[in-house]
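Letter by letter, the chains look like this.
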Amino acid sequence: RPDIKNLKEEMEKQLPESTNSLLTDISRTAERTGMRVYLIGGIVRDLFLERPNDDIDIVVEGNGIDFAEHLRTDYGGSVKMHETFGTASWIHPSGLYIDVTSARLEYYERPASLPDVELSTLSEDLYRRDFTINSMALCLNPEVFGDLVDPFNGQADLRSKTIKVLHNLSFIDDPTRILRAVRFETRFDFLMDKQTESLALNSMARMRDLSAHRIVEEMKRLFKDEDPPGTIKRLFKLTFWQQFGVDDGSAEQSYIHAGQLKMFYEIHKPPAGTKPRWFNYFAIPFFTSKKMYLMSQFSLTKRNNKFLQDIRNLSDMEGVEQIREPGEFHRFLKHYEDEAIIFMIAKENMENEDIITSYLKRRIDMPVFLTGEDLIQEGMKPGPHFRGILLELEVAVLNGEINTRDEAVAWLHENHMK
Ligand code: CTP
């Protein structure tokens, strides 16, 4: 299809009413103040791809903070400034955040990667971005509303489904962009072009210079997207895992485990949720390489630590495959979190998967018929053996053998008080 030069129609058709009305407001303020204002980034790309996105990012050729103040004057709300970057957020009265950036040179240090040729201030701003498909802008001033500014031909790369950096130092400037590239590849079913892929490979070692926090942030986004097993595989090919001590040879096994994990959630719909959490996928290559200990550096929360600890302990457990009753699982698995249990069993493709799922479902709202206090009331002497008795009671409840408090009391007398 021929190049699109103006996207006014697409905007009206695709963006929500509220977004369009906001853009009209911004357009009016641009007119009043005589500043050149652009809509930029992911939303422009997604208009071409016909994917929903209402994340408004604005670039101003001039002072972004001033422009945000003008918006507040015209329509209310408030302004939050980030002085050092020359950016501001206009917080619309509805509570929506709109980022306003300055494309004014003096705010930036000029990076080495900028070419000597003169670029307009807007083009220079676009040139600092990650990929051609993200480096398009739409004019918002009324007389040119919806006009596309696309100096690096992002439109052509969208058409050929290509992720392409704008210059050779892009991944050196910011190695997280390699992970963004993979994310866009899987999300849109695009591919990096040859040059971009080889730059990614060459810069991959820089990944080790990033803080765990930054890697974790990207992983969260990566494994929320469409195809986690494919993502794991792709990251092996680009030698991401290998930077952190994972074995090259674990790729295939990791891919399979990720697929099984994904499928387990889809088929069994366990209480742990509809999808595995990002950390589960992230753990797979380390697990497959038997190098979970290398992963603890990325385990920034209590929940993730517990997960790692559970996996480590579950790896040593034997005999779970033979179990045929929900309650019996409880003896083994009482202290383990759902997601760790699923992580382990999904990999085995075990015949008793259904029973495990039904165990997980039952244990969430397992009634507590008796407590230690009740045992004393019934005339038992307190002691460490209470633990074992209460566990046996839970096992019987989970197996459906005990359904009321009276039955529990009868069971107690029958089995433990004779
Ligand atoms: N960007 C960049 N380098 C990064 C992160 C972001 O150049 N490491 C640029 C990209 O051009 C991107 C814009 O900043 O379009 C906004 O970033 P973000 O909101 O993270 O990305 P989106 O493209 O909007 O992606 P998503 O749809 O996932 O939000």
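Just so it is clear, the structure is predicted and the values come from calculations on it, not from any experiment.

Caption draft 1: Fine view of the overall build of the protein. Regarding its fold elements, the protein presents 20 helices and nine strands. Compactness check: the protein gives a C-alpha radius of gyration of 28 Å against a globular reference of 22 Å for 418 residues, more than 25% above the reference. Each principal axis of the C-alpha atoms in the protein carries an extent, and together these give about 90 × 50 × 40 Å. Expressed as a percentage of its 418 residues, the buried residues of the protein come to 34%. Counted over contacts in the protein with a minimum sequence separation of 6, partners at least 24 positions apart contribute 66%.

Caption draft 2: Region of interest: the sheet that holds strand S6 (residues 137-139). Sheet architecture is open: seven strands sit in the order S3-S4-S5-S2-S1-S6-S7, paired in mixed fashion. Edge positions in the open sheet fall to strand S3 (78-82) and strand S7 (148-149), since each of these has one partner strand only. Bridge count between strand S4 (residues 87-91) and strand S5 (residues 97-102): five bridges; the pairing is antiparallel. Note that in S5 the partner of Trp90 across the bridge is Ile98.

Caption draft 3: View of the pairing of S5. Pairing geometry for strand S2 (residues 57-61) and S5, over four bridges, is parallel. What sits directly across from Asp57, in S5, is Asp99.

Caption draft 4: Summary view of the pairing of S2. Bridge analysis of strand S1 (residues 36-40) against S2 gives four bridges, and the strand direction is antiparallel. Its bridge partner lying in S2, Leu39 is registered against Ile58.

Caption draft 5: Spotlight on the site of the ligand. Close to the ligand lie Gly41, Gly42, Asp55, Arg129, Asp130, Asn134, Asp174, Thr176, Arg177 and Arg180, which account for all nearby residues. With three residues, the top contributor of residues to the shell around the ligand is helix H8 (residues 176-188). Residues belonging to the shell around the ligand are distributed by class as follows: no nonpolar, four polar and six charged.

Caption draft 6: Structural detail: the packing of H8 against helix H10 (residues 212-222). Contact geometry of H8 with H10 gives a least axis separation of 10 Å together with a crossing angle of 5 degrees. By the angle between their directions, the pair H8 and H10 is classed as roughly parallel. Residue-level inspection shows Thr176, Leu179, Val182 and Arg183 of H8 in contact with H10, the latter providing Arg214, Glu218, Arg221 and Leu222. Of the residues in the contact of H8 with H10, the class split is three nonpolar, one polar and four charged.

Caption draft 7: Helix H17 (residues 353-364), seen in detail. The end-to-end C-alpha distance of H17, which contains 12 residues, comes to 17 Å, matching closely the 16 Å that a straight helix rising 1.5 Å per residue would cover. All of the buried residues along H17 are Ile356, Thr357 and Tyr359. Along the long axis of H17, the arc covered by the buried residues comes to 155 degrees, so they all point the same way. Those residues of H17 that are buried lie in contact with helix H12 (251-268), helix H15 (326-333), helix H16 (338-348) and helix H19 (385-398).

Caption draft 8: Just the domain arrangement of the protein, in detail. When the domains of the protein are assigned, the result is domain 1 (8-160), domain 2 (245-364) and domain 3 (372-416). For domain 2 versus domain 3, the distance between C-alpha centres works out to 30 Å. Opposite the 10 residues of domain 2 that make contact, domain 3 presents six residues. For the side of domain 2 that touches domain 3, the secondary structure elements donating two or more residues are H15 and H17. Element by element, the count of residues in the side of domain 2 that touches domain 3 is highest for H15, at five residues.

Caption draft 9: Spatial organisation of the nonpolar core. Core analysis: the biggest nonpolar cluster contains 93 residues, and Tyr38, Leu39, Ile58, Ala137 and Leu140 have the highest contact counts within it. Setting aside anything within four residues of it in sequence, one finds Ile58 in contact with Ile26, Val37, Tyr38, Leu39, Ile40, Ile98, Asp99, Val100 and Thr101.

Caption draft 10: Summary view of the environment of Asn280. Among the structural elements, Asn280 can be located in helix H13 (residues 278-288). Look at Asn280 and you get buried, because 26 C-beta atoms sit within 10 Å. For Asn280 and Ile133, which are 147 residues apart along the polypeptide, the C-alpha to C-alpha distance reads 31 Å. Sequence-distant contacts of Asn280, that is, excluding residues within four places in its chain, are made with Leu261, Glu339 and Phe343.

Caption draft 11: Region of interest: unusual backbone geometry. For Asp189, which is not glycine, the phi torsion reads 65 degrees and is therefore positive. Owing to 11 C-beta atoms within 10 Å, Asp189 belongs among the exposed residues under this scheme. In this model, Thr239 sits at a positive phi of 60 degrees, which is unusual for a non-glycine residue. Inspection of the secondary structure puts Thr239 in the loop between helix H11 (228-237) and H12. Owing to 15 C-beta atoms within 10 Å, Thr239 belongs among the partly exposed residues under this scheme.

Here is what the cut-offs are and how they apply
- Residues numbered from 1 in each chain as written.
- Predicted model: local features only at pLDDT ≥ 70, side-chain atom pairs only at ≥ 80, totals over all residues.
- Helix = DSSP H or I, 4+ residues; strand = E, 2+ residues; numbered from the N terminus.
- Rg over C-alpha atoms; globule rule 2.2 N^0.38 Å.
- Buried ≥ 20, exposed ≤ 12 C-beta atoms within 10 Å, placed from the backbone.
- Contact = placed C-beta atoms within 7 Å.
- Pairing = 2+ DSSP bridges.
- Near = placed C-beta within 6 Å.
- Nonpolar A, V, L, I, M, F, W, Y, C, P; charged D, E, K, R; others polar.
- Axes fitted to C-alpha atoms, helices over the stretch in contact; angles between N-to-C directions.
- Parallel < 35°, antiparallel > 145°, perpendicular 65-115°, else oblique.
- Expected span 1.5 Å × (residues − 1).
- Arc of directions from axis to C-beta.
- Domains from an automatic or database assignment.
- Core = buried A, V, L, I, M, F, W, Y, C linked by C-beta atoms within 7 Å.

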